Amino acid sequence: MDCEKIEIYHEKQKLQFCLLHALNNLLQHQEAFTRARLNEIAEKLVLDDPSKQTWTPLSIVFKPHHNSFTGNYDINVLIAALEEKDKTVVWHDRRNAASTIDLDGPDDSLFGIVLNVPVRRYAGLWKSRHWIAMRKIGGVWYNLDSDLSKPGIFEDTEEVRGFLDFVISHGGEVLLVMNKKE
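By the naming in an unreviewed UniProt entry, the protein chain is ubiquitinyl hydrolase 1, taken from Dovyalis caffra. UniProt lists a comment for the protein chain under the heading Catalytic activity (unreviewed entry), and it reads "Thiol-dependent hydrolysis of ester, thioester, amide, peptide and isopeptide bonds formed by the C-terminal Gly of ubiquitin (a 76-residue protein attached to proteins as an intracellular targeting signal)."

This is how it looks when you write it as structure tokens:
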């Protein structure tokens, strides 16, 4: 690793906006996405859906792709948002170990990793899912989880693979964020 100090951008968790934080952490920019932009993407997904759901009074809060008050965006918003940044999302087949992911490949292919993990909060009374970004910056892999007080640093790719295998074995999903090929 370089002797230069690399500054890592890291947003911390607010409400259930973990997808917003994960995207900004992944892209290493404070306003790569805003809450307003993710809401626009979620609304566009609803308009573009050929099987539109019937409106109910609860539709004001519980929208198909996000919760209006808390955030909590779904995978469709993640994919659409990253497509705006010329990225594609590849779902890692959970039947395969993390050793099948090329973490050491050229920087022009794998941009980063987004995890969706089950979480329990409030003494186990609240079950939901949480978005986490991981990215290799300056040759080092970082856990950019917005629940952490600061980015976690992985010693090497074997530690990253061990972490990913742990996530998979505990019901998490691994999404590979790829740079689009020309």
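That covers the picture; the talk isn't over yet.
For the rest of this paragraph, the subject is the overall build of the protein chain. In terms of helices and strands, the protein chain carries four helices and six strands. For the protein chain, the sequential pattern of α-helices and β-strands runs α-α-α-β-β-β-β-β-α-β. Looking at the protein chain as a whole, 43% of its 182 residues qualify as buried. Restricting the contact set of the protein chain to residue pairs at least 6 apart, pairs at least 24 apart contribute 61%. Accessible area for the protein chain stands at about 10700 Å²; split by element, carbon and sulfur atoms hold 55% of it.

Over its 13 residues, helix α4 (residues 157-169) runs 18 Å from end to end, which matches the ideal 18 Å to within 8%, given 1.5 Å per residue. Of the positions making up α4, those classed as buried are T157, V160, R161, L164, V167 and I168. The arc enclosing the buried residues of α4, seen along the axis, measures out at 120 degrees, which places them on a common side. Within α4, the exposed residues directed more than 90 degrees away from the buried face are E158 and S169. The residue sitting at the N-terminus of α4 and contributing the capping side-chain oxygen is D156; that oxygen lies 3.2 Å from the backbone nitrogen of E158.

For the rest of this paragraph, the subject is the side chain of H92. Position of H92 relative to the elements: it lies in the loop between β1 (87-91) and β2 (110-121). Among the polar contacts made by the side chain of H92, one reaches the main-chain carbonyl oxygen of N96 at a distance of 3.1 Å. Ignoring sequence-local partners within four residues, the contact set of H92 consists of A97, A98, T100, I101, I168 and V174.

Attention now goes to unusual backbone geometry. Of note in the backbone geometry, Q28 takes a positive phi value of approximately 60 degrees without being a glycine. With respect to the helices and strands, the residue Q28 is situated in the loop between α1 (18-27) and α2 (35-48). Positive phi, normally seen in glycine, also occurs at D86, with a value near 60 degrees. With respect to the element layout, D86 can be found in the loop between α3 (75-84) and β1.

With that settled, the discussion passes to the pattern of salt bridges. By the definition in use, this model includes five salt bridges. Here R37 makes a salt bridge to E84, at a shortest N to O gap of 2.2 Å. Of the two residues, R37 is situated in helix α2 and E84 in helix α3; the sequence distance between them amounts to 47 residues. Residue class for R37 comes out partly exposed when judged on its relative accessible area of 28%. Residue class for E84 comes out partly exposed when judged on its relative accessible area of 40%. The partner of R161 in a salt bridge is E158, with the nearest N and O atoms 3.0 Å apart. One end of the pair is R161 and the other is E158, both in helix α4 and three residues apart, which spans about a single turn.

Let us now look at the UniProt feature "active site" (unreviewed entry) in the protein chain. As recorded in UniProt, the feature "active site" (unreviewed entry) lies at C18, H130 and D145. Taken together, the annotated residues stretch across 128 residues yet fold into one region, lying no more than 9.1 Å apart by C-alpha. Its place among the elements puts C18 in helix α1. Contact partners of C18, with chain neighbours within four places excluded, come to Q13, R129, H130, W131 and S146. Along the chain, D145 falls in the loop between β4 (140-143) and β5 (152-153). Ignoring any residue separated from it by four or fewer positions in sequence, one finds D145 in contact with H10, H130, I132 and A133.

Here is what the cut-offs are and how they apply
- Along each chain, residues carry numbers from 1 onward, in the same order as the chain's sequence is written.
- With the structure being a predicted model, the display of local features is reserved for residues of pLDDT at least 70 and the display and counting of side-chain atom pairs for 80 or more, all residues being used for whole-chain, interface and lining totals.
- In computing side-chain values, all of the structure's heavy atoms are included and hydrogens and water are not.
- UniProt positions are given in the numbering used here, feature names are shortened, and annotations may be inferred rather than shown by experiment.
- Secondary structure counts use DSSP, requiring at least four H or I residues in a row for a helix and at least two E residues in a row for a strand, with both numbered from the N terminus.
- Accessible area is worked out with a 1.4 Å probe on protein chains only. A residue is then buried under 20% of its type maximum, exposed over 50%, and partly exposed in between.
- By definition, residues are in contact when any of their heavy atoms lie within 4.5 Å.
- Here the open area of atoms and residues is found with the Shrake-Rupley method and a 1.4 Å probe, where only the protein chains shown may cover a residue.
- How far a helix is expected to stretch is found by multiplying one less than its residue total by 1.5 Å.
- Note that the arc is defined by the directions from the helix axis to the C-beta atoms.
- What qualifies as a polar contact is a pair of N or O atoms within 3.5 Å, subject to a donor-acceptor requirement within protein and to the restriction that residues adjacent in sequence count only when both atoms come from side chains.
- Whenever a carboxyl oxygen of Asp or Glu lies within 4 Å of a side-chain nitrogen of Lys or Arg, that contact is scored as a salt bridge.

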